[in-house]
Number of protein chains: 2
Amino acid sequence: MAEPVAWILTVGNEILIGRIVNTNASWLAEKLTFMGFRVERIIVVPDSVEDIAEELERAIGRARVVITTGGLGPTYDDRTLEGVARAVRRRLVLNEEAKRMVEEFYSRKGLPLTEDRLKMAMLPEGAEPLPNPVGAAPGSWLEHNNTIIVSLPGVPAEMKEMFSHYVEPRLARIAPRKAVHECGIRVLGVPESSIAPYLRRLARRYPHAYIKSHPKGHETENPVLEIRVLASAETPGEAERICLEVLSELRKIAEELGGAVENA
Amino acid sequence: MAEPVAWILTVGNEILIGRIVNTNASWLAEKLTFMGFRVERIIVVPDSVEDIAEELERAIGRARVVITTGGLGPTYDDRTLEGVARAVRRRLVLNEEAKRMVEEFYSRKGLPLTEDRLKMAMLPEGAEPLPNPVGAAPGSWLEHNNTIIVSLPGVPAEMKEMFSHYVEPRLARIAPRKAVHECGIRVLGVPESSIAPYLRRLARRYPHAYIKSHPKGHETENPVLEIRVLASAETPGEAERICLEVLSELRKIAEELGGAVENA
């Protein structure tokens, strides 16, 4: 069975002007990969309803799940759920359950439900709010044409907590329960272009292992290559076995080419 | 005049599995923003010719410039220029100038031009190779339907050196020579949802300033907001003036709401 496809959509001008590095996307990408999804796109869009909707429309029917981060807060540029609503051709409506979550959050401090706070309870029609144990803005879970659109806040602590508690367990039910194992070595003294044909052949022999060389030094002056292997299989034991088998092949190749090998 | 649009296309499974954080994209995004471009997309695609071509086809005619990073090396999964060639409907051909660059690079160490090394000199027909002062793989500069497609390696040291030497000076000629100034403050004790309506009004009053609040603490328990302002104008002095004016307005608002203000 082919792995279900996941897309990650990061919303926020602050990423597009280079002020913030997109660590949310790498965190989610790793989680989804190890759950058995194939992450096919990470896309960063501006805080614009049109741009958010454009990318979601592409993802619908193509990705099994899309996770959006950012744009759920109370400020004028938080417009992600408007974009989701437009992409699925639904209205944005006040969600009573989300309203209770927001109301409860502020009432703990004796703060009233203002218009800007209520805005965080406006969800696409038919969406389910996801509790936010850390901050004010609920998330949103929406299914449309066999695509699940999950919207989480951009604040990393909120995003991670909500993913782990309310998204991961539900996505695990549709993930293929594949086991993934990662391993790697460091090869000293071999230019990447010299080991390239061997990696190509090895990748052909092991279709369930993703073999990637990362040049960490100069190509010809004391070259250093970090070679990472990500193997997937039915069971953890099998994934580990494939990983170590590829590693042992890599070790032989590197030594044949006159390289020194270190554990990475 | 509207700012010219830039897209950043990052090629590499290693980003999509969450192993590598996309710092190349944020570095480029900041550079392009400060040059006067509006970065509209950062997209990460797998090492797949189809996926690379799909995103480039969308960018052509829409973005003035697309910068791709990654996938120029000698290994089996380095396929970016195949994707570029497909997107512009041209063949991938051995570029004589690129061949000289690669040949010279390896000959310094007395290494021959193997098939895998020669692969790095295969460019889309009509593309211009960009010298790589750090590593082996040349970059590529190609213009098609008013879109410039620049392809740079994924190794950060190579990418940065090549952008600064061979890309930035040429792009500066088409950038609007706008000045951009950035400033910010830290507001303590005000929930983001309380300052939200003021930010909305301020953003309307200052269309050339991008005002963004980043919650750094809890929304209601000792809230901390970092508010960043990015102002653009014809001259550096004018951009700075707008920035400081917005900052002073922000200061007033924060204090009226009972917050304390710190320099960020």
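Predicted model, so just to flag it, every value in this text is computed and none were measured.

Conventions and cut-offs
Residues numbered from 1 in each chain as written. Chains lettered and ligands numbered in written order. Predicted model: local features only at pLDDT ≥ 70, side-chain atom pairs only at ≥ 80, totals over all residues. Heavy atoms only, no water. Helix = DSSP H or I, 4+ residues; strand = E, 2+ residues; numbered from the N terminus. Expected span 1.5 Å × (residues − 1). Buried < 20%, exposed > 50% of the residue type's maximum accessible area, 1.4 Å probe, protein only. Arc of directions from axis to C-beta. Contact = heavy atoms within 4.5 Å. Polar contact = N/O pair within 3.5 Å; in protein donor to acceptor, adjacent residues only side chain to side chain. Axes fitted to C-alpha atoms, helices over the stretch in contact; angles between N-to-C directions. Parallel < 35°, antiparallel > 145°, perpendicular 65-115°, else oblique. Left-handed = near helix turned anticlockwise from the far one by under 90°. Nonpolar A, V, L, I, M, F, W, Y, C, P; charged D, E, K, R; others polar. Salt bridge = Lys/Arg side-chain N within 4 Å of Asp/Glu carboxyl O. Lys, Arg positive; Asp, Glu negative; His and termini not counted. Buried area = accessible area lost by both parts, 1.4 Å probe. Domains from an automatic or database assignment. Core = buried A, V, L, I, M, F, W, Y, C linked by side-chain atoms within 4.5 Å. Least-squares fit on C-alpha atoms with pLDDT ≥ 70 in both. Pairing = 2+ DSSP bridges. Disulfide = S-S within 2.5 Å. 1 Å grid on protein atoms, 1.4 Å probe; cavity = no way out; pocket = protein on both sides within 12 Å on 5 of 7 lines; lining within 4 Å. Points joined across faces, edges and corners; volume = space filled by probe spheres on them.

### Some details on helix α5 (residues 96-107) of chain A
Spanning twelve residues, α5(A) covers 16 Å between terminal C-alpha atoms, matching the ideal 16 Å at 1.5 Å per step. The complete set of buried residues in α5(A) reads A:A98, A:V102, A:F105 and A:Y106. Looking down the long axis of α5(A), one finds its buried residues gathered within 90 degrees of arc, a one-sided arrangement. Looking at the buried residues of α5(A), the elements they touch are α6 (115-118), β5 (122-124) and β6 (128-130) of chain A together with α8 (192-205) of chain B. For α5(A), the N-terminal capping position is held by A:N95, with its side-chain oxygen 3.0 Å away from the main-chain nitrogen of A:E97.

### Details of the packing of α8(B) against helix α9 (residues 236-256) of chain B
Residues and elements named next belong to chain B. With their axes 11 Å apart at the nearest point, α8 and α9 run at an angle of 155 degrees to one another. Viewed along their axes, α8 and α9 adopt a mutual orientation that is roughly antiparallel. Classified by chirality, the crossing of α9 by α8 is right-handed. Facing α8, whose interface residues are I195, Y198, L199, L202 and R205, α9 presents V246, E249, L250 and I253. In terms of residue class, the contact of α8 with α9 is built from seven nonpolar, no polar and two charged.

### Focus on the pattern of salt bridges
Side-chain pairing between opposite charges can occur once the charged atoms of the two side chains come close. Going through the model one piece at a time under the given rule, you end up with 58 salt bridges over all chains. Residue A:K31 is joined to A:E168 by a salt bridge in which the shortest nitrogen-to-oxygen separation is 3.8 Å. Residue A:K31 is located in helix α2 (residues 23-35), and its partner A:E168 is located in helix α7 (residues 156-172); the two are separated by 137 residues in the primary sequence. Taking the relative accessible area as the measure of exposure, A:K31 reaches 27% and is therefore partly exposed. Between B:R186 and B:E226 there is a salt bridge; the shortest N-O distance is 3.3 Å. Within this pair, whereas B:R186 is found in strand β9 (residues 179-188), its partner B:E226 is found in strand β11 (residues 224-233), the two being separated by 40 residues in sequence.

### A word on the side chain of A:D78
As for its placement among the helices and strands, A:D78 is situated in the loop between β3 (65-69) and α4 (80-87). The side chain of A:D78 sits in the buried core without any salt bridge; B:K212 is the nearest counter-charge, 4.5 Å away. Discounting residues that sit within four places of it in the chain, A:D78 has contacts with A:G71, A:L72, A:G73, A:K119 and B:K212.

### Side note on the interface of chain A and chain B
Contacts between the two partners involve 66 residues from chain A, matched on the other side by 66 residues from chain B. Between chain A and chain B, roughly 5,600 Å² of surface is buried when both sides are summed, and carbon and sulfur atoms account for 53% of that area. Counting across the chain A and chain B interface gives 22 salt bridges. The residue B:E14 makes a salt bridge to A:K212 at a minimum N-O spacing of 3.7 Å. With eight residues, the top contributor of residues to the side of chain A that touches chain B is helix α8 (residues 192-205) of chain A. Per-class residue counts for the side of chain A that touches chain B are 30 nonpolar, 13 polar and 23 charged.

### Digging into the domain arrangement of chain A
Split by domain assignment, chain A resolves into domain 1 (5-172) and domain 2 (179-263). When each unit is reduced to the centre of its C-alpha atoms, the spacing between domain 1 of chain A and domain 2 of chain A is 37 Å.

### Considerations on the nonpolar core
Of all hydrophobic cores here, the largest spans 60 residues; its most connected members are A:L56 and B:L56. Beyond its immediate sequence surroundings of up to four residues, B:L56 is in contact with B:L9, B:V66, B:T68, B:G83, B:V84, B:A87 and B:I149.

### Looking at the relation of the copies chain A and chain B
The transform that puts chain A on chain B rotates by 180 degrees and translates by 0.0 Å along the axis, for an RMSD of 0.0 Å. When the rotation and shift are considered jointly, the pair of chain copies conforms to a two-fold rotation axis. Residue A:I43, judged by its C-alpha, is the member of chain A lying nearest the rotation axis, at 2.3 Å. Residue by residue, 100% of the interface of chain A is reproduced at the interface of chain B, so both copies engage with the same surface.

### Details of the sheet that holds strand β8 (residues 147-152) of chain B
Strand order in this open sheet of twelve strands is β6(A)-β7(A)-β8(A)-β3(A)-β1(A)-β2(A)-β2(B)-β1(B)-β3(B)-β8(B)-β7(B)-β6(B), and the pairing throughout is mixed. If you trace the sheet from one side to the other, it starts and ends with β6 of chain A together with β6 (128-130) of chain B, each paired once. Going from strand to strand, the sheet's axes swing by 20 degrees on average, the running direction of each strand aside. Relative to β3(A), strand β1 (residues 5-11) of chain A runs parallel, the two being bridged by five bridges. Directly across from A:I8, in β3(A), lies its bridge partner A:I67. With respect to the sheet, helix α3 (residues 49-59) of chain A is in contact with β1, β2 (38-45), β3 and β8 (147-152) of chain A together with β2 (38-45) of chain B, its orientation differing from that of β1(A) by roughly 180 degrees.

### Details of helix α3 (residues 49-59) of chain B
Residues and elements named next belong to chain B. Along α3, eight of the eleven residues are buried, which leaves the element largely enclosed by surrounding structure. Regarding α3, the residues found buried are V49, D51, I52, A53, E55, L56, R58 and A59. Where α3 terminates, the next one or two residues include G61, which has phi positive at roughly 85 degrees.

### Details of the state of the cysteines
A disulfide bridge is the covalent bond that connects two cysteines by way of their sulfur atoms. Residue and element names in this part refer to chain A. Per the stated rule, a full pass over the model turns up two disulfides over all chains. There is a disulfide in this structure between C183 and C243, and the S-S distance comes to 2.4 Å. One disulfide, between C183 and C243, carries an S-S torsion of -110 degrees and so falls in the left-handed class. With C183 in strand β9 (residues 179-188) and C243 in helix α9 (residues 236-256), the pair connects residues that are 60 residues apart, well separated along the chain. Of the two residues, C183 and C243, neither departs from the other in class, the shared state being buried.

### Structural notes on empty space enclosed by the protein
Taken as a whole, this structure holds three cavities of 30 Å³ or more when the rule is applied. Approximately 110 Å³ is the volume found for the largest cavity. If you trace the largest cavity, you find 16 residues lining it, with A:N22, A:I42, A:V44, B:N22 and B:I42 closest to the centre. Looking at the lining of the largest cavity, the elements that each hand over two or more residues are α2 and β2 of chain A together with α2 (23-35) and β2 of chain B. Split into classes, the residues belonging to the lining of the largest cavity amount to twelve nonpolar, four polar and no charged. Quantified by volume, the second largest cavity comes out at close to 40 Å³. Around the second largest cavity, the lining residues are A:E14, A:I17, A:R19, B:E182, B:Y210, B:K212, B:H214, B:R228, B:V229 and B:L230. Taken together, the elements giving at least two residues each to the lining of the second largest cavity come down to β10 (209-215) and β11 of chain B. Looking at the lining of the second largest cavity residue by residue, the classes come out as four nonpolar, one polar and five charged.

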